[in-house]
Amino acid sequence: RKLHCLPATVTVKQFLDHFQKRCTSTAPEKVYQFCNQLGRLFDKVLCANLLYPEEIPQYYAALPGSLYRCQQAPSNLYGCSFLLRLLVRLPHYEPSLVKEFNLLLLELVSLLIKNRLVCFRHAFRRPQEDELLDWEVKAAHPQIIPKEQSESEDMSITPKKKRMFNSFT
């Protein structure tokens, strides 16, 4: 398993700032409001709704006060692929934002497509010790069995377990 390298080459914040400068078809204050709302929504829903379960330990490791002492918002760390995850789910989270800014959303997606080679250049790395999932820790250290599990779990094969095993083969 690999994780995205953080901060990304092009972060969500950098891309929204670039979009704000490039968008000339709409009033600048409306574009600013759109980018600001989208960035705040991204920061708010990232962990709970946009990350896959294997990516959540990396998120917590990058929070302020963790080992890395990262003092930045998620939009300053995560890349445009995570922004795409938000855009797919946007009608569910903020239907009013979609209705109000539908033309800006189209321009945003078209800018993402035009800059896809830069925006979606991913760098991956192996997880660090504090980013491992429970099953990965157990696989890496099989000799370490939690005390409550070793005492309460009976590893002998009972007739019921034997019947269950035979039914699968």
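Residues numbered from 1 in each chain as written. Predicted model: local features only at pLDDT ≥ 70, side-chain atom pairs only at ≥ 80, totals over all residues. Heavy atoms only, no water.

S.K.: How would you explain the overall build of the chain if you had to name every residue and give the values?
M.R.: Secondary structure summary: the chain contains ten helices and two strands in total. Going residue by residue from the N terminus, the α and β elements of the chain occur as β-α-α-α-α-α-α-α-β-α-α-α. Across the 169 residues of the chain, 32% fall into the buried class. Restricting the contact set of the chain to residue pairs at least 6 apart, pairs at least 24 apart contribute 77%. Surface accessibility of the chain: about 11300 Å² in total, with carbon and sulfur atoms responsible for 58%. (Helix = DSSP H or I, 4+ residues; strand = E, 2+ residues; numbered from the N terminus. Buried < 20%, exposed > 50% of the residue type's maximum accessible area, 1.4 Å probe, protein only. Contact = heavy atoms within 4.5 Å. Areas by Shrake-Rupley, 256 points an atom, 1.4 Å probe, with all protein chains shown as cover.)

S.K.: I'd like to hear about the packing of helix α4 (residues 80-93) against helix α6 (residues 102-114), residue by residue, with values.
M.R.: In contact at an axis separation of 12 Å, α4 and α6 are set at 150 degrees when each is read in the N-to-C sense. In this view, α4 runs roughly antiparallel relative to α6, as classed from their interaxial angle. Of the two elements, α4 crosses α6, and the hand of that crossing is left-handed. In this structure, α4 contributes Cys80, Leu83, Leu84, Leu87 and Leu90 to the contact, and α6 contributes Leu105, Leu108, Val109 and Leu112. (Axes fitted to C-alpha atoms, helices over the stretch in contact; angles between N-to-C directions. Parallel < 35°, antiparallel > 145°, perpendicular 65-115°, else oblique. Left-handed = near helix turned anticlockwise from the far one by under 90°.)

S.K.: Tell me about the side chain of Ser75, residues and numbers included.
M.R.: Here Ser75 shows up in the loop between α3 (56-61) and α4. Judged by its relative accessible area of 6%, Ser75 falls in the buried class. Among all residues touching Ser75, those that are not within four sequence positions of it are Thr11, Val12, Lys13, Gly39, Phe42 and Asp43.

S.K.: A description of the environment of Pro7 should follow, citing residues and the corresponding values.
M.R.: With respect to the helices and strands, the residue Pro7 is situated in the loop between β1 (3-4) and α1 (12-22). The sequence separation of Pro7 and Asn76 amounts to 69 residues, and the corresponding C-alpha distance is 7.1 Å. If we skip the residues at most four places from it in the chain, Pro7 touches Asn76 and Leu77.

S.K.: Would you mind going over α1 in detail, with residue names and values included?
M.R.: Inspection of α1 places Val12, Phe15, Leu16 and Phe19 among the buried residues, and these make up the whole buried set. End-on, the buried residues of α1 take up no more than an arc of 100 degrees, which puts them together on one face. Taken together, the buried residues of α1 touch α2 (28-50), α4, α6 and α7 (116-119). (Arc of directions from axis to C-beta.)

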